[in-house]
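Descriptive structure summary
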Amino acid sequence: MALHKGPEKHEERPMSVNPFFGEANPVGGMTEAPPTHRLPDTPLPPSTAYQLVHDELMLDGNSRLNLATFVTTWMEPQAGVLMAECRDKNMIDKDEYPRTAELERRCVAMLADLWNAPDPAAVVGCSTTGSSEACMLAGMALKRRWAKRNADRYPGARPNLVMGVNVQVCWDKFCNFWEVEARLVPMEGDRYHLDPQAAAELCDENTIGVVGILGSTFDGSYEPVADLCAALDALQERTGLDIPVHVDGASGAMVAPFLDEDLVWDFRLPRVVSINTSGHKYGLVYPGVGWALWRDKEALPEELVFRVNYLGGDMPTFALNFSRPGAQVVAQYYSFLRLGRDGYRAVQQSTRDVAVSLAGRIEALGDFRLLTRGDQLPVFAFTTAPDVTAYDVFDVSRRLREGGWLVPAYTFPPHREDLSVLRVVCRNGFSHDLADLFLDDLTRLLPDLRRQPHPLTRDKDAATGFHH
Ligand SMILES: Cc1ncc(COP(=O)(O)O)c(C=O)c1O
């Protein structure tokens, strides 16, 4: 969450209340105008409170036009009904809500099978708030596993985690919060994600693991997880270092199993000890649910698991939070049951078709150069063509907002800080029809943009709301 501060002087203005909000007493609302940044002294009628909050939220962007987010913005009404029916259930109360707990267990079992665990019964896994929490848990397991194996040197030795510079911010957080050195493989030329060989070269006896991303938040490309494992196999042969791999499949772990069945990236690779995904991304569930799975108990040290008995029963848990909504887990089970493999394949294929087609048509406009084509994650990044000097990607992002489209523009990390891109994330619900409308709007903007004397965006940080 954004870190907020207390109220400023100018924020002391009370809300303005329409007399109609008073219902039975139309002028009541006018005298009861509540402050915005201080807890009101007196209550409001629920209809007034509802209308005030509702009206303010009208200024939020339209989530379906938000091409910045990976997170699900449309589910079937039946899923919404189930979620409403479960909104009072706390996921942690597993004894009180044993059926919700059972649905979570089934989801873990289904994912173990989907990700080709050689022994699904040995897999341990849990739901989380999202991939960030799942990555924290996976990182903690890697660190503890390493610490146990190096008990003679730790504390003392400083653990490190090797990954591409393109990792999502959750991995920077993990390294910061858990005091692990982040060893980042930089981008190089047209390689916008981790290079297996370079990653292996960064490993040493203090490396707790290597993270492979399926796929990259920056451009939607899959990192070569199998090649990464092969490079680490060779390292082990040379040096004896046995480095485990965690796959951050926040998006791709719910795409590749359906569309890229021949791609070997999961528990089929013995070096992959754990995998996470966001149920709320291509798992097709409203925010927030994620999943973390470990190959076996050996990968998740037992001492990290907490057992609580004060809710009845003896319940093993591995989580950062205690309470969490159960509704999203129920919705995940609903999606699994509703779609099955064929349904997921159909949904993801149509999303990829939209992405590939839209990327190709943007390229055909002539003003843009594609970095990726939407044929891995249904996500693509593009920049302006070398001869375009009148405007830049930040101008495009800003102008697209006029039509309600939210398309982030951002610069790349070391060594490609010179490169600024736009990124389009296609999701279920962003249909060919909507993509046509998007392209129409972009095409309509171009003559105006080409007439600019030079790029107009001064404050590039403020130009886009996107943060990795
Ligand atoms: C590769 C990757 N890992 C982790 C995350 C964090 O996921 P969440 O938003 O579910 O916490 C993201 C989010 O975009 C991501 O793309």
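Residues numbered from 1 in each chain as written. Predicted model: local features only at pLDDT ≥ 70, side-chain atom pairs only at ≥ 80, totals over all residues.

If you look the chain up in an unreviewed UniProt entry, it shows as Glutamate decarboxylase from Streptomyces cellostaticus. Listed in UniProt under the heading Catalytic activity (unreviewed entry), the comment for the chain reads: "L-glutamate + H(+) = 4-aminobutanoate + CO2". Database annotation for the chain, UniProt heading Cofactor (unreviewed entry): "pyridoxal 5'-phosphate". (UniProt positions renumbered as here; feature names shortened; annotations may be inferred.)

When its secondary structure is counted, the chain shows twelve helices and 13 strands. The C-alpha radius of gyration of the chain comes to 24 Å, within 12% of the 23 Å expected for a compact globule of 468 residues. Taken along its principal axes, the extent of the C-alpha atoms in the chain is 75 × 65 × 50 Å. Relative to all contacts within the chain whose residues are 6 or more apart in sequence, the contacts with residues 24 or more apart total 68%. (Helix = DSSP H or I, 4+ residues; strand = E, 2+ residues; numbered from the N terminus. Rg over C-alpha atoms; globule rule 2.2 N^0.38 Å. Contact = placed C-beta atoms within 7 Å.)

This brings us to the environment of alanine 151. Its place among the elements puts alanine 151 in the loop between helix H5 (131-149) and strand S2 (160-164). A tally of 8 C-beta atoms within 10 Å means that alanine 151 is categorised as exposed. Residues alanine 151 and glycine 212 lie 61 residues apart in sequence; the distance between their C-alpha atoms is 26 Å. (Buried ≥ 20, exposed ≤ 12 C-beta atoms within 10 Å, placed from the backbone.)

This brings us to the sheet that holds strand S4 (residues 207-213). One open sheet accounts for seven strands, arranged S1-S7-S6-S5-S4-S2-S3; its pairing is mixed. Each edge of the open sheet is held by one strand with a lone partner, namely strand S1 (124-128) and strand S3 (181-185). Each strand of the sheet is rotated relative to its neighbour by a mean of 20°, with strand direction disregarded. Direction of pairing for S2 relative to S4: parallel, over a ladder of three bridges. When the bridges of S4 are listed, valine 162 appears paired with valine 210. (Pairing = 2+ DSSP bridges. Axes fitted to C-alpha atoms, helices over the stretch in contact; angles between N-to-C directions.)

A few words on the UniProt feature "modified residue: N6-(pyridoxal phosphate)lysine" (unreviewed entry) in the chain. The sites that carry the UniProt feature "modified residue: N6-(pyridoxal phosphate)lysine" (unreviewed entry) are, in the present numbering, Lys281. Position of lysine 281 relative to the elements: it lies in the loop between strand S6 (272-278) and strand S7 (290-294). Setting aside residues up to four positions removed in sequence, lysine 281 forms contacts with Phe70, Val71, Thr72, Ala250, Ser251 and Met254.

Our focus in this paragraph is the packing of helix H3 (residues 77-85) against helix H10 (residues 327-364). Running from amino to carboxyl end, H3 crosses H10 at an angle of 145°, the nearest separation of the two axes being 8 Å. Crossing of H3 over H10 shows right-handed handedness. From H3, Ala79, Leu82 and Met83 reach across to H10, where they touch Ala327, Val330, Ala331, Tyr334 and Ser335. When grouped by side-chain class, the residues that make up the contact of H3 with H10 number seven nonpolar, one polar and no charged. (Left-handed = near helix turned anticlockwise from the far one by under 90°. Nonpolar A, V, L, I, M, F, W, Y, C, P; charged D, E, K, R; others polar.)

So, on to the site of the ligand. Taken together, 14 residues form the shell around the ligand, and within it Gly130, Ser131, Ser132, Gln168 and Ala250 come nearest. Top element by residues in the shell around the ligand is H5. It accounts for three residues. (Near = placed C-beta within 6 Å.)

When the domains of the chain are assigned, the result is domain 1 (77-335) and domain 2 (342-450). Its C-alpha centre places domain 1 at a distance of 29 Å from the equivalent point of domain 2. Taken together, the contact between domain 1 and domain 2 spans 19 residues of the former and 21 residues of the latter. Per-class residue counts for the side of domain 1 that touches domain 2 are eleven nonpolar, six polar and two charged. (Domains from an automatic or database assignment.)

As a further point, take unusual backbone geometry. With an omega of 0°, the peptide bond running from tyrosine 154 to proline 155 counts as cis. Its location among the elements puts proline 155 in the loop between H5 and S2. Going from proline 287 to glycine 288, the amide bond is cis rather than trans, its omega being 5°. Tracing the backbone shows glycine 288 in the loop between S6 and S7.

This part takes up helix H8 (residues 225-239). For the α-helix, the turn length of 3.6 residues means that residues three or four positions removed from each other point alike. Taking 1.5 Å of rise per residue, 15 residues should cover 21 Å, and H8 covers 21 Å from first to last C-alpha, within 8% of that figure. All of the buried residues in H8 are Val225, Leu228, Cys229, Ala231, Leu232 and Leu235. Around the axis of H8, the buried residues are gathered within 160° of arc, so they sit on the same side. Away from its buried face, by an angle of more than 90 degrees, H8 presents the exposed residues Glu237 and Arg238. Tucked inside the fold, the buried residues of H8 contact helix H7 (196-202), S4, strand S5 (245-248) and S6. Note on H8: the residue one or two positions beyond its end, glycine 240, has a positive phi of about 85°. (Expected span 1.5 Å × (residues − 1). Arc of directions from axis to C-beta.)

Judged by how many residues are buried, S6 sits mostly within the fold: seven of seven residues are covered. Sheet topology note: the S6/S7 ladder contains five bridges and is antiparallel. When the sheet's bridge partners are listed, isoleucine 275 is paired in S7 with leucine 293.

Turning to the sheet that holds strand S13 (residues 420-425), a few remarks are in order. A sheet is described by the order of its strands in space; here four strands give the open sequence S10-S11-S13-S12, paired in antiparallel fashion. A strand with exactly one partner marks an edge of an open sheet, and here the two such strands are strand S10 (368-370) and strand S12 (409-411). Sheet twist, expressed as the average angle between the axes of neighbouring strands with direction ignored, equals 40°. Two elements, S12 and S13, share three bridges in a ladder whose sense is antiparallel. Directly across from threonine 411, in S13, lies its bridge partner serine 420.

As a further point, take the environment of valine 407. With respect to the helices, strands and loops of the structure, valine 407 is situated in the loop between helix H11 (393-400) and S12. On a C-alpha basis, the gap between valine 407 and glutamate 303 in space is 44 Å, while along the polypeptide they are 104 residues apart. Aside from chain neighbours lying at most four places away, what touches valine 407 is Leu67, Ala68, Ser397, Leu400, Leu422 and Val424.

On to the pairing of S4. For S4, the tally of buried residues reaches seven of seven residues, placing the bulk of the element in the interior. As defined by bridge partners, S4 adjoins S5 across four bridges and the pair is classed as parallel. When the sheet's bridge partners are listed, isoleucine 213 is paired in S5 with aspartate 248. Where the polypeptide runs from S4 across H8 and back to S5, its parallel neighbour, the crossover connection is right-handed. (Right-handed = clockwise from strand over helix to strand, strands pointing away.)

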